[in-house]
Amino acid sequence: MNFRVRATLSALAIAFTTYLAIGGLVWTAAPQMPLVLVCAVALYLATTWICVFWNSGALPTRRDPITGDLGRSSVLPAWAAVLALAAAVLVPNATWLAVQPDARGADVGTWSLGAVGALLTIVMVRRRPWIAWSGVVILAAEAAFWIGPAAALALGVVGAVLWVGVAQLLTWLVDRAARDTAELAALQRAASEWLASQEGIRRERRTQVQRALALAGPVLTRTIEASGRLSEGERHAARIAEEALRDELRGSALLDADVRAALAAARERGTTVSVLDEGGLDGLSPAERAAVRSRLAAVLTEADSDRVYVRAATHDDVAVTVVGRSAADDDGEDEVDLWSEIPRRP
């Protein structure tokens, strides 16, 4: 679609400038230097075609998914802009020099005013505003010199100023529309991401509540039925359920089916396990998290300490630290008999 619009506008620009150039070749009386006039028309057409079709490659190859090419156009190469400015100097002077003095106010003498004005409008659209306005000033000065200020204003200088000014205004409006569209798209994207994150948080909370009910529900039901008078086995089951529930609240990012099974097995062996997540798995991909959890489950399966502490802190290299402590045989003081550091990325 954008290609069709550009092709249509380019075709219209070529047709319009060619129509203006024909005015320099329609003679009611032969000019005194016809070859100079023909060369001026040829220079004008060649410069116009270059300014319309030559692509500097400044347009990014990756289009914005929201705005597309809105507000973006290829910048006219510097050498082509200088060529257009040179044409604004040479073409009008050559035209007025080539025609008879009494024909300088006729169509054959003033065709260059509208033609160069159209060329400078193209230069403005191709993002060279200083060149375009410099060309307008030069064109006005040339016209005032050859045919006088009043005739210059009446025969094309005002139109050239209006064309270039309107082109700059439209370019500015399109750029502003592109910026506003991009900002609106960014706000909509941010709002969608926030809503998605909130939905994810709510879904995670529902999952945690369901898991908590599955863990604590039977124990609470039995406690109510027994009016708090539980057997030793039931008290042990309640303690394990409490610790498992605490794991879900303080270290859910570390847990999966294998880790939960390893924690439950360790507690059944009489080991007291404390799990604390402080962001150790933040920034890891799902595959890397799965690898860390698999390693953690293996460490917990082999642990035979009295107390095991699992902590996932923010560290550049280590994701999870597992420390086991047991009472010494001689003095009863605790000693570290397990130390395992699970790297963030194996």
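The rules behind these values
- Residues numbered from 1 in each chain as written.
- Predicted model: local features only at pLDDT ≥ 70, side-chain atom pairs only at ≥ 80, totals over all residues.
- Heavy atoms only, no water.
- Pairing = 2+ DSSP bridges.
- Helix = DSSP H or I, 4+ residues; strand = E, 2+ residues; numbered from the N terminus.
- Phe/Tyr/Trp six-rings, centres within 6.5 Å; stacked < 30°, edge-to-face > 60°.
- Buried < 20%, exposed > 50% of the residue type's maximum accessible area, 1.4 Å probe, protein only.
- Axes fitted to C-alpha atoms, helices over the stretch in contact; angles between N-to-C directions.
- Contact = heavy atoms within 4.5 Å.
- Core = buried A, V, L, I, M, F, W, Y, C linked by side-chain atoms within 4.5 Å.
- Salt bridge = Lys/Arg side-chain N within 4 Å of Asp/Glu carboxyl O.
- Expected span 1.5 Å × (residues − 1).
- Bend = angle between axes of the 7 residues up to and from the residue.
- Patch = residues over 30% accessible without salt bridge, like charges linked within 9 Å, V, L, I, M, F, W, Y side chains within 5 Å.
- Areas by Shrake-Rupley, 256 points an atom, 1.4 Å probe, with all protein chains shown as cover.
- pLDDT = per-residue confidence, 0-100.
- Parallel < 35°, antiparallel > 145°, perpendicular 65-115°, else oblique.
- Left-handed = near helix turned anticlockwise from the far one by under 90°.
- Nonpolar A, V, L, I, M, F, W, Y, C, P; charged D, E, K, R; others polar.
- Arc of directions from axis to C-beta.

Colleague: Whenever I open this one, the pairing of strand 1 (residues 272-278) confuses me. Can you help?
Modeller: Looking along a regular strand, one sees the side chains alternate between the two faces of the sheet. Alignment of strand 1 against strand 2 (residues 307-313), held across seven bridges, turns out to be parallel. Each bridged residue has a counterpart across the sheet, and for L276 the counterpart in strand 2 is R311.

Colleague: When you look at the packing of aromatic side chains in this model, what are you seeing that I'm missing?
Modeller: How two aromatic rings sit relative to each other is set out by the distance from centre to centre and by the angle between their planes. Taken as a whole and assessed by the stated rule, the structure comprises five aromatic pairs. Seen from their ring centres, F145 and W146 are 5.5 Å apart, and the 85° between their planes marks the pair as edge-to-face. The exposed category is assigned to F145, whose relative accessible area is 65%.

Colleague: What am I meant to see in the sheet that holds strand 1 here?
Modeller: Hydrogen bonds along the backbone pair up the strands of a sheet, which may run parallel or antiparallel. One open sheet holds the four strands; their spatial order is 1-2-3-4, and the pairing between them is mixed. Of all strands in the sheet, those with a lone pairing partner are strand 1 and strand 4 (334-343), marking the two edges. With strand direction ignored, the average angle separating the axes of adjacent strands in the sheet is 15°. In this sheet, strand 4 lies alongside strand 3 (residues 318-327) in antiparallel orientation, the contact comprising nine bridges. Residue T321 lies in a different strand from strand 4, and its bridge partner there is E341. Along the sheet, helix 9 (residues 286-302) makes contact with strand 2, strand 3 and strand 4, crossing strand 4 at roughly 160°.

Colleague: I would appreciate a short explanation of the nonpolar core in the present structure.
Modeller: Side chains of a nonpolar character, in soluble globular proteins, are inclined to be buried together. Ranked by size, the top nonpolar core spans 43 residues in total, and within it Y44, C51, V91, W111 and L113 carry the most contacts. Of all the secondary structure elements, the ones that give two or more residues to this core are helix 1 (2-22), helix 2 (34-53), helix 3 (78-98), helix 4 (107-125), helix 5 (129-147) and helix 6 (149-225). Tallying contributions element by element places helix 4 first for this core, with 11 residues. Y44 has contacts with T17, A21, V91, W111, A115, V116, A118 and L119, leaving out every residue within four places of it along the chain. Counting 24 residues, the second-largest nonpolar core is a separate cluster that includes L255, V275, L284 and V322.

Colleague: Could you clarify how one ought to interpret the pattern of salt bridges in this entry?
Modeller: A side chain of one charge can pair with a side chain of the opposite charge when the charged atoms of the two come close. Here the structure, examined in full by the defined rule, presents seven salt bridges. Among the ionic pairs, D175 bridges to R127, the shortest N-O distance being 2.6 Å. With D175 in helix 6 and R127 in the loop between helix 4 and helix 5, this pair connects stretches of sequence that are 48 residues apart. Taking the shortest distance from any N to any O, the salt bridge between D247 and R267 comes out at 2.6 Å. Taken together, the residues D247 in helix 7 (residues 232-250) and R267 in helix 8 (residues 257-268) connect sequence positions 20 residues apart. Of the two residues, D247 and R267, both sit in the buried class. Salt bridges linked by common partners bring E199, R202 and R203 together as one network.

Colleague: Help me understand helix 3, please; the structure alone is not making it clear to me.
Modeller: For helix 3, which comprises 21 residues, the first-to-last C-alpha distance of 30 Å matches the rise-based estimate of 30 Å (1.5 Å per residue) to within 8%. Of all the bends in helix 3, the greatest measures close to 25° and is centred on A87. Among the residues making up helix 3, those that are buried are A80, A81, A84, A87, A88, V91, P92, A94, T95, W96 and A98. The inward-facing, buried residues of helix 3 abut helix 2, helix 4 and helix 5.

Colleague: Sorry, what's going on with a nonpolar patch on the surface here?
Modeller: On the surface, F16, Y19, L153, V158, L162 and W163 cluster together to form a nonpolar patch covering roughly 620 Å² of accessible area. Those elements that provide at least two residues to the nonpolar patch are helix 1 and helix 6. Top element by residues in the nonpolar patch is helix 6. It accounts for four residues. Secondary-structure assignment places Y19 in helix 1. For Y19, a relative accessible area of 59% translates into the label exposed.

Colleague: In this structure, what is going on with the confidence of the model for the protein chain? I would like to understand it.
Modeller: The predicted coordinates ought not to be read in detail in places where the model reports low pLDDT. In this model, the protein chain carries a mean pLDDT of 82, and residues with pLDDT of at least 70 account for 87%. Residue range residues 57-62 is modelled with pLDDT below 50. Its contacts to residues more than four positions away, or to other chains, number eight contacts.

Colleague: Help me understand the packing of helix 8 against helix 9, please; the structure alone is not making it clear to me.
Modeller: Packing of helix 8 against helix 9 leaves a shortest axis separation of 8 Å and a crossing angle of 15°. One way to sum up the angle between helix 8 and helix 9 is to call them roughly parallel. In this structure, the crossing between helix 8 and helix 9 has a hand that is left-handed. Between helix 8 and helix 9, the contacting residues are D258, V259, A262 and L263 on the first element and R293, L296, A297, L300 and T301 on the second. In terms of residue class, the contact of helix 8 with helix 9 is made up of six nonpolar, one polar and two charged.

Colleague: Just to check I follow, could you spell out helix 5 for this structure?
Modeller: In this model helix 5 runs 27 Å from its N-terminal to its C-terminal C-alpha over 19 residues, within 8% of the 27 Å that 1.5 Å per residue would give. Residues of helix 5 that are buried: A132, G135, V136, L139, E142, A143 and I147. Burial along helix 5 is one-sided: seen end-on, the buried residues are contained in an arc of 135°. Facing away from the buried side of helix 5 by over 90 degrees, the exposed positions are W130, V137 and F145. Phi turns positive one or two residues past the end of helix 5, at G148, with a value near 95°.

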